[in-house]
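Structural characterization, general
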Amino acid sequence: MTTKNHSVADIITRNRVWRSIFRQGYPADDENRARAIMNSWFLHIHPVKVKLHSLKLTYTWGLGVISFVLFLILVVTGAWLMFFYVPSVQSAYTDIQNLDTAVTFGALMRSLHRWSAHLMVVVVFLHLCRVFFTGGYKRPREFNWVIGVLLWVVTMLLSFTGYLLPWDQLSYWAITVSTNIVGAFPLIGEALRQLLLGAAEAGPPALVRFYALHIAVLPVVMTILIGIHFWRIRKDGGLSSPSEASENEYGDR
Amino acid sequence: METGKTREPIQEVFPRDPSRTYGLMELVRGTSPMVDKGPEDTVMSWPNLLVLELLAALGTSVVLLLWSAFVKAPLRELANPNVTENPAKAAWYFLSLQELLLHMHPALAGLIIPGLVIVLLMAVPYIDRSKKDVGIWFASKKGRLIAVGSAVYTFIWLLGLVLFDEFVRVRSIVAEPELWPGWVIPIIVVGGLIILLYVVIRRWRPSRREVLIGLFTAFVTTYFTLTIVGIFFRGMGMHLVWPWDLPPGALPF
């Protein structure tokens with residue numbers, strides 16, 4: 001780097017504080033580009049170099065990244081909604097009404113949360129289809145596929161537990177219908193239904209249980225699974241590509 | 001990174017050399033360790049991958065912000081256990097299960113079939129273990145044809161079955177004992193159709209992956225079709241109606 005000008009960028013970057021956080025220069029050459037990835041906690045999940053093939057839009061359609069972006073939007077908007085919502089039968093519905101009418105940006109944030117959740121169910125499933133139809137589940141990625149299937153299930157469970165929280169007719173009857181299906185299972189059905197609802201019918205205990213699952217238990221499960229999922233992508237050699245194909249990896253046929 | 005490649009000018013791959021006493025006998029499929037894996041097939045993650053990820057994040061955020069600014073998340077009346085919604089629908093991604101519920105025993109529709117689907121999905125990489133066609137959409141031209149054929153086959157049968165059980169009704173033919181319309185007939189019909197699909201696919205002399213592509217496509221088509229039927233074509237008492245004849249509030253979002 002040259003020392004000539006005193007531009008704003010220079011003043012910001014040429015001091016000890018900045019250098020203590022970012023140990024490399026601006027990523028304009030390959031060495032600094034590699035370091036930008038390796039030195040960053042946020043970016044080090046990426047390899048320094050990626051296969052050209054894995055950047056092809058028609059191979060991935062960006063569905064995995066979009067799923068993760070949707071998850072982040074949901075975490076942020078969800079935490080924000082928690083400031084204004086109490087999971088009790090007395091106040092849940094009016095809290096949502098207040099969000100829609102009295103809270104600044106309340107309606108926008110709630111809508112963002114709702115539509116992101118719907119979209120995430122769609123995008124995660126499309127991602128699962130993409131991986132299946134391109135054979136991305138094959139060795140050595142078998143177990144990451146299994147994690148992926150679990151992530152799809154957890155996505156639906158998260159969406160499902162959030163469905164009850166507004167405590168309107170749509171939530172109430174959707175949860176009643178769904179838990180009635182659970183109740184119809186042989187032997188364990190009724191016990192499982194009551195475990196979910198905390199009572200014979202959907203009521204105050206069900207709201208608290210669904211809330212706890214929705215904001216604590218399932219997000220933690222989801223975060224851990226996403227962590228393993230991403231970590232394994234790197235451990236398994238990045239995204240699948242035709243260059244890995246071989247005739248005789250296994251004596252299968 | 002040095003790959004051990006010679007720096008000689010590009011030559012013909014198999015130059016005719018009169019002094020050689022051997023020649024090219026046969027071409028076989030297979031890869032050497034560095035084939036297609038050299039540095040020329042990779043690019044720096046910064047900026048190539050990160051720019052794409054940023055674009056995906058921005059695109060997703062912008063689309064959702066605009067959508068949420070114009071379409072508010074729904075909020076119905078306060079939950080009331082005494083006023084049953086008709087139709088009472090589950091969350092839209094569970095409507096395929098609710099559709100199955102109309103045609104078979106709840107334990108079969110709500111537990112056994114979805115449980116089997118999830119277990120079989122997880123088992124996919126352990127069934128198809130060959131690495132012959134990793135990273136290729138639908139494996140081959142044959143795989144593509146199998147997918148299309150399977151989708152058409154499944155879609156037509158589903159429409160027929162949904163219409164049959166609405167207008168002729170299995171239960172009007174065999175109602176007693178419950179074992180027949182609840183378990184035996186659904187298992188025979190669903191199982192029989194899957195076996196028939198398998199037998200037809202086998203006539204194409206497919207690889208194991210192509211068989212799985214056919215079966216997975218049948219699953220995706222079923223999930224998609226039954227979800228659409230559940231969202232847009234089920235009205236009062238979950239009877240079939242045209243989307244424009246749906247009672248107000250029948251859409252589950």
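Everything below is about the structure printed above this text.
Here's what I pulled together on the structure shown here. Just so we're clear, the structure is a prediction, and the values are computed from it rather than from any experiment.

Broken down by element type, chain B carries seven helices and one strand. Secondary structure elements in chain B, listed N-terminal to C-terminal, are β-α-α-α-α-α-α-α. Here chain B holds 253 residues, and the buried ones make up 36% of them. Considering only contacts in chain B between residues 6 or more positions apart, those separated by 24 or more positions represent 67%. Element-wise, carbon and sulfur atoms account for 69% of the exposed surface of chain B, whose accessible area totals about 15,600 Å².

This part takes up the interface of chain A and chain B. Taken residue by residue, the interface counts 90 residues in chain A and 87 residues in chain B. Counting the surface lost from both chain A and chain B, the interface buries some 8,300 Å², and carbon and sulfur atoms represent 71% of this. By the criterion of area lost to chain B, the three top residues of chain A are Trp115(A), Phe133(A) and Gln169(A), representing 10% of everything that side buries. Summed over the shared surface of chain A and chain B, the number is four salt bridges. Across the salt bridge formed by Lys131(B) and Glu244(A), the nearest N and O atoms sit 3.8 Å from each other. At the boundary of chain A with chain B, the tally comes to 32 residue pairs in polar contact (both at pLDDT 80 or more). Where the side of chain A that touches chain B is concerned, the elements lending two or more residues are α3 (30-38), β1 (49-51), α4 (57-60), α5 (63-82), α6 (92-101), α7 (106-133), α8 (142-163) and α9 (169-183) of chain A. With 18 residues, the top contributor of residues to the side of chain A that touches chain B is α7(A).

It is worth spelling out the packing of helix α4 (residues 141-167) of chain B against helix α7 (residues 208-232) of chain B at this point. Helix packing geometry: the angle between the two helix axes and the distance between the axes. Residue and element names in this part refer to chain B. Close contact between α4 and α7 brings their axes to 8 Å; oriented N to C, the two are set at 35°. α4 and α7 meet at a crossing whose hand is right-handed. When α4 is examined against α7, the residues Lys142, Gly143, Ile146, Ala147, Ser150, Ala151, Thr154, Phe155, Leu158 and Val162 are found in contact with a partner set consisting of Glu210, Ile213, Gly214, Thr217, Ala218, Thr221, Thr222, Thr225, Leu226 and Val229. Class assignment of the residues belonging to the contact of α4 with α7 gives a composition of ten nonpolar, eight polar and two charged.

Another point: the nonpolar core. As a rule of thumb, soluble globular proteins bury nonpolar side chains together. Residues Phe132(A), Trp145(A), Trp152(A), Ile175(A), Tyr93(B) and Phe216(B) are the most contacted members of the largest nonpolar core, which totals 81 residues. Per-element tally for this core: the top contributor is α7(A), with 14 residues. The residues contacting Phe132(A), other than those within four sequence positions of it, are Tyr137(A), Trp145(A), Val124(B), Arg209(B), Leu212(B), Ile213(B) and Phe216(B). Membership of the second largest hydrophobic core comes to eight residues, among which are Met104(B), Val162(B), Leu226(B) and Val229(B).

Attention shifts here to a nonpolar patch on the surface. Residues and elements named next belong to chain B. Together, Val148, Val152, Phe155, Ile156, Leu159, Leu163, Phe164, Phe167, Val168 and Ile173 give the surface a local cluster of nonpolar side chains, amounting to about 940 Å² of exposed area. Ranked by residues supplied to the nonpolar patch, first place goes to α4 with eight residues. Positionally, Val168 belongs in the loop between α4 and α5 (170-173). On the basis of relative accessibility, which here comes to 41%, the residue Val168 falls in the partly exposed class.

When their charged atoms lie close together, side chains carrying opposite charge are able to pair. Residues and elements named next belong to chain A. Under the counting rule described, the total for this entry stands at 16 salt bridges over all chains. The partner of Arg193 in a salt bridge is Glu190, with the nearest N and O atoms 3.5 Å apart. Residue Arg193 and its partner Glu190 are both found in helix α10 (residues 189-197); the two are separated by three residues, about one turn of the helix. Residue Glu190 is classed as partly exposed on the basis of its relative accessible area, which comes to 38%.

Here we come to the environment of Thr60(B). Position of Thr60(B) relative to the elements: it lies in helix α1 (residues 45-70). Each residue touching Thr60(B), except ones within four places of it in the same chain, is listed here: Ile66(A), Val69(A) and Leu70(A).

What counts, and at which threshold
- Residues numbered from 1 in each chain as written.
- Chains lettered and ligands numbered in written order.
- Predicted model: local features only at pLDDT ≥ 70, side-chain atom pairs only at ≥ 80, totals over all residues.
- Heavy atoms only, no water.
- Helix = DSSP H or I, 4+ residues; strand = E, 2+ residues; numbered from the N terminus.
- Buried < 20%, exposed > 50% of the residue type's maximum accessible area, 1.4 Å probe, protein only.
- Contact = heavy atoms within 4.5 Å.
- Areas by Shrake-Rupley, 256 points an atom, 1.4 Å probe, with all protein chains shown as cover.
- Buried area = accessible area lost by both parts, 1.4 Å probe.
- Salt bridge = Lys/Arg side-chain N within 4 Å of Asp/Glu carboxyl O.
- Polar contact = N/O pair within 3.5 Å; in protein donor to acceptor, adjacent residues only side chain to side chain.
- Axes fitted to C-alpha atoms, helices over the stretch in contact; angles between N-to-C directions.
- Left-handed = near helix turned anticlockwise from the far one by under 90°.
- Nonpolar A, V, L, I, M, F, W, Y, C, P; charged D, E, K, R; others polar.
- Core = buried A, V, L, I, M, F, W, Y, C linked by side-chain atoms within 4.5 Å.
- Patch = residues over 30% accessible without salt bridge, like charges linked within 9 Å, V, L, I, M, F, W, Y side chains within 5 Å.

Geometry only, nothing functional implied.
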